[in-house]
Amino acid sequence: MISTIETLGDAFPKEIARNRELLKQYQSIGHVGIFGFTMILRDVEAAEKAWAQQDTVAMVRLYPILKENE
């Protein structure tokens, strides 16, 4: 059986995109979702900055945070 290994370079932008979708969901529920929206937005902005700067240490730190967001 051949297993595929996903690198941080592959997985990190996918998690950013997933979290962007979460932002849309939180935004759609209105004022009740503002806290969740704000917290996820903070994570996404930090992740996008790390990705743009190719800051591997920050990406390794942020990846599990992005994965936990629901």
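This one's a predicted model, so the numbers in the text were calculated from it and none came from an experiment. For every chain, the first residue of the written sequence is number 1, and numbering continues from 1 along that sequence. Only residues with pLDDT of at least 70 get local features here, since the model is predicted, and only at 80 or more are side-chain atom pairs given and counted; chain-wide, interface and lining totals rely on the full set of residues. Only hydrogens and water are set aside when side-chain values are computed; all heavy atoms of the structure are taken into account.

**So, unusual backbone geometry**
Then step 1. The phi dihedral of glutamine 54 falls on the positive side, at around 50°, and the residue is not glycine.
Then step 2. Think of it this way: any DSSP run of H or I at least four residues long counts as a helix, any run of E at least two long counts as a strand, and we number them from the N terminus. Summarising the element assignment, glutamine 54 is placed in the loop between helix H2 (34–53) and helix H3 (56–68).

**Quick notes on the nonpolar core**
Then step 1. One finds Phe12, Ile16, Leu22, Leu23, Ile40, Val44, Ala47, Ala50, Ala58, Met59, Leu62 and Leu66 forming the largest nonpolar core, which totals twelve residues.
Then step 2. Among the secondary structure elements, those contributing two or more residues to this core are helix H1 (8–28), H2 and H3.
Then step 3. Not counting residues within four places of it along the chain, the set of residues in contact with valine 44 comprises Ile16, Asn19, Arg20, Leu23 and Leu66. For this analysis, a nonpolar core means a set of buried residues of the types Ala, Val, Leu, Ile, Met, Phe, Trp, Tyr and Cys, connected via side-chain atoms within 4.5 Å. Relative accessible area decides the class of each residue, using a 1.4 Å probe on protein chains only: under 20% of the type maximum gives buried, over 50% gives exposed, and in between gives partly exposed. Here, two residues are considered to be in contact whenever any of their heavy atoms come within 4.5 Å of each other.

**A word on the pattern of salt bridges**
Then step 1. Whenever a carboxyl oxygen of Asp or Glu lies within 4 Å of a side-chain nitrogen of Lys or Arg, that contact is scored as a salt bridge. By the definition in use, this model includes five salt bridges.
Then step 2. Close ionic contact of lysine 14 with glutamate 6 constitutes a salt bridge, the shortest N to O distance being 2.7 Å.
Then step 3. With relative accessibility at 51%, the residue lysine 14 sits in the exposed group.
Then step 4. One salt bridge in this structure joins glutamate 48 and arginine 20, with 3.0 Å as the shortest N-O distance. A residue pair is termed long-range when its members are at least 10 positions apart, and glutamate 48 in helix H2 and arginine 20 in helix H1 qualify at 28 residues.

**Notes on H2**
Then step 1. Relative to the 28 Å expected for 20 residues at 1.5 Å per residue, H2 spans 28 Å between its end C-alpha atoms, a close match to the ideal helical length.
Then step 2. Those residues of H2 that sit buried are Gly36, Ile40, Asp43, Val44, Ala47 and Ala50. The arc that holds every buried residue of H2, seen down its axis, measures 125°, which confines them to one face. H2 presents Ile34, Phe35, Lys49, Ala52 and Gln53 as exposed residues on the side facing more than 90 degrees away from its buried surface.
Then step 3. On its buried side, H2 packs onto H1 and H3.
Then step 4. One or two steps after H2, the chain reaches glutamine 54, where phi turns positive at roughly 50°. Expected helix span is computed as 1.5 Å times (number of residues minus one). This arc corresponds to the set of directions leading from the helix axis out to the C-beta atoms.

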